[in-house]
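Chain by chain, the residues run as shown.
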Amino acid sequence: MAGTSMEVSTAAVALRTVLHRAHQAAEKSGRLSDQIKVVAVSKIKPVPVVRQVYDAGHRIFGENYVQEIVEKSPQLPDDIEWHFIGNLQSNKVKPLLTAVPNLFMVESVDDEKIANRLDHVVGSIGRKPLKVLVQVNTSGEESKFGVEPSGCVELVKHVKDGCPNLEFSGLMTIGMLDYTSTLENFRTLSNCRNEVCKALGINENQCDLSMGMSGDFEQAIEMGSTIVRIGSTIFGAREYPKKTEN
């Protein structure tokens, strides 16, 4: 995969615009810009384009597919803070963790099985505890992964009490493609945080909300998001292969 020079330069310019918009949304919601983390989602994009965004000063990147992050990460600087944001299968946990030592966070823990597998592998390879977010299905769509809001507290409790090699760091939702409904999705995740923090005695400042993507990240920030995941607005539209494995 090779990025064209136009694709490369456009991504660096787009990054600056996105960061500016995120900072403005933070200020509008009465927060400091450094309280918002922008994850540049580079799935399906070639290493040279990712490198250009890195060279523009960005250090936080996200990938959806294990195969991609395993291939890309050795070709890029090791001070990148990688977030894995896609559905994670149990048999892919060890390859992911062993191949990406600078994996900072898995944002898509959606059941006890994957939490237990991550906990076991992290412990067995001797790496420091891994930050994780619990993914919540806020839209009710069967096609979306995530624990139901009613099961959120129970899953977070399992991660905190039963997975010593994981560090619970907050909640994540993908929301819906129909952006007219995102307000409700964002409210649902915020309500889940309230319930989790109250039930388990967690300070809300220690519980991130990862919500908001290219089409709605400013709205998400204004509603309390602390992590936004921006792909196409930085990297441009994606051309998906006919079949991509997790």
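Each chain has its residues counted from 1, following the order in which its sequence is written. In keeping with the predicted nature of the model, local features appear solely for residues at pLDDT of at least 70, side-chain atom pairs appear and are counted solely at 80 or more, and the whole-chain, interface and lining totals rest on all residues. With hydrogens and water set aside, each side-chain value is computed from the structure's full complement of heavy atoms.

1. Focus: the pattern of salt bridges
Link 1 in the chain: What counts as a salt bridge is simple: a side-chain nitrogen of Lys or Arg found within 4 Å of a carboxyl oxygen of Asp or Glu. Across all of its chains, the model carries 10 salt bridges by this definition.
Link 2 in the chain: Between Arg21 and Glu218 there is a salt bridge; the shortest N-O distance is 2.8 Å. Taken together, the positions of Arg21 in helix α1 (residues 5-28) and Glu218 in helix α8 (residues 217-222) put the pair 197 residues apart, joining distant regions of the chain.
Link 3 in the chain: Arg59 serves as the salt-bridge partner of Asp79, at 3.2 Å between the closest nitrogen and oxygen. Here Asp79 is found in the loop between α3 (66-72) and β3 (81-84), whereas its partner Arg59 is found in the loop between α2 (47-55) and β2 (60-63), with 20 residues between them in sequence.
Link 4 in the chain: Counted as one network, the salt bridges with shared partners bring together Glu63, Glu68 and Lys72. Helix and strand labels come from DSSP, where a helix needs a run of H or I of at least four residues and a strand needs a run of E of at least two; each type is numbered from the N terminus.

2. Description of the environment of Phe84
Link 1 in the chain: Mapped onto the elements, Phe84 comes out in strand β3.
Link 2 in the chain: Accessibility expressed as a relative area gives 0% for Phe84, which makes it buried.
Link 3 in the chain: Taking the C-alpha atoms as reference points, Phe84 and Phe61, 23 residues apart in sequence, are found 8.7 Å from one another.
Link 4 in the chain: Should any heavy atoms of two residues lie within 4.5 Å, those residues are counted as being in contact. In this structure, Phe84 is in contact with Glu63, Asn64, Tyr65, Val66, Ile69, Leu96, Leu103, Met105, Val106, Glu107 and Ser108, ignoring residues within four places of it in sequence. Using a 1.4 Å probe on the protein chains alone, a residue whose accessible area is under 20% of its type maximum counts as buried, one over 50% counts as exposed, and one in between counts as partly exposed.

3. Quick notes on the environment of Val134
Link 1 in the chain: Turning to its location among the elements, Val134 is positioned in strand β5 (residues 130-135).
Link 2 in the chain: Given the relative accessible area of 0%, Val134 is considered buried.
Link 3 in the chain: As for Val134 and Leu97, which are separated by 37 residues in sequence, their C-alpha atoms are 18 Å apart.
Link 4 in the chain: Those residues in contact with Val134, other than ones at most four positions away along the chain, are Val109, Val147, Leu155, Val156, Val159, Phe168, Gly170, Leu171 and Met172.

4. Some remarks on the pairing of β3
Link 1 in the chain: What you see with β3 is no split at all: Glu81 and His83 on one side and Trp82 and Phe84 on the other are buried throughout.
Link 2 in the chain: Where β2 lies against β3, 4 bridges are found, and the strand directions are parallel. Bridge pairing in β3 links Ile60 to Glu81.
Link 3 in the chain: For the crossover from β2 across α3 to β3, the handedness is right-handed.
Link 4 in the chain: Considered for its hand, the β-α-β crossover made up of β3, helix α4 (residues 93-99) and strand β4 (residues 103-109) is right-handed. Two strands qualify as a pair provided that DSSP identifies no fewer than 2 bridges between them. For a crossover, the right-handed case is the one in which the path from the first strand over the helix to the second runs clockwise, viewed with the strands pointing away from the viewer.

5. Considerations on the packing of aromatic side chains
Link 1 in the chain: Working definition: a ring pair exists when centres of Phe, Tyr or Trp rings (six-membered ring for Trp) sit within 6.5 Å. Plane angles under 30 degrees give stacked, over 60 give edge-to-face, the rest tilted. Tallying each qualifying case throughout the model produces 1 aromatic pair.
Link 2 in the chain: Considering the side-chain rings of Phe61 and Trp82, the 6.1 Å spacing of their centres and the 50° angle between planes classify their relative orientation as tilted. Of this pair, Phe61 sits in strand β2 while Trp82 sits in strand β3, and the two are 21 residues apart along the sequence. Side by side, Phe61 and Trp82 carry an identical accessibility label, which is buried.

6. Let's talk about the pairing of strand β1 (residues 37-41)
Link 1 in the chain: A large share of β1 lies buried, amounting to 4 of its 5 residues.
Link 2 in the chain: Sheet topology note: the β1/β2 ladder contains 2 bridges and is parallel. Bridge assignment links Ala40 to a residue of β2, and that residue is Phe61.

7. Quick look at the UniProt feature "modified residue: N6-(pyridoxal phosphate)lysine" (unreviewed entry) in the protein
Link 1 in the chain: Within this structure's numbering, the places UniProt gives as "modified residue: N6-(pyridoxal phosphate)lysine" (unreviewed entry) are Lys43.
Link 2 in the chain: Its relative accessible area of 14% is what places Lys43 among the buried residues. UniProt positions are given in the numbering used here, feature names are shortened, and annotations may be inferred rather than shown by experiment.

8. Here's the deal with the state of the cysteines
Link 1 in the chain: When two cysteine sulfur atoms are found within 2.5 Å, that pair is recorded as a disulfide. Per the stated rule, a full pass over the model turns up 0 disulfides.
Link 2 in the chain: The structure places no disulfide on Cys152, whose sulfur is separated from the nearest cysteine sulfur, that of Cys192, by 4.5 Å.
Link 3 in the chain: Judged by its relative accessible area of 1%, Cys152 is buried.
Link 4 in the chain: For Cys163, which is in no disulfide, the shortest distance to another cysteine sulfur is to Cys152 and amounts to 14 Å.
Link 5 in the chain: With relative accessibility at 0%, the residue Cys163 sits in the buried group.

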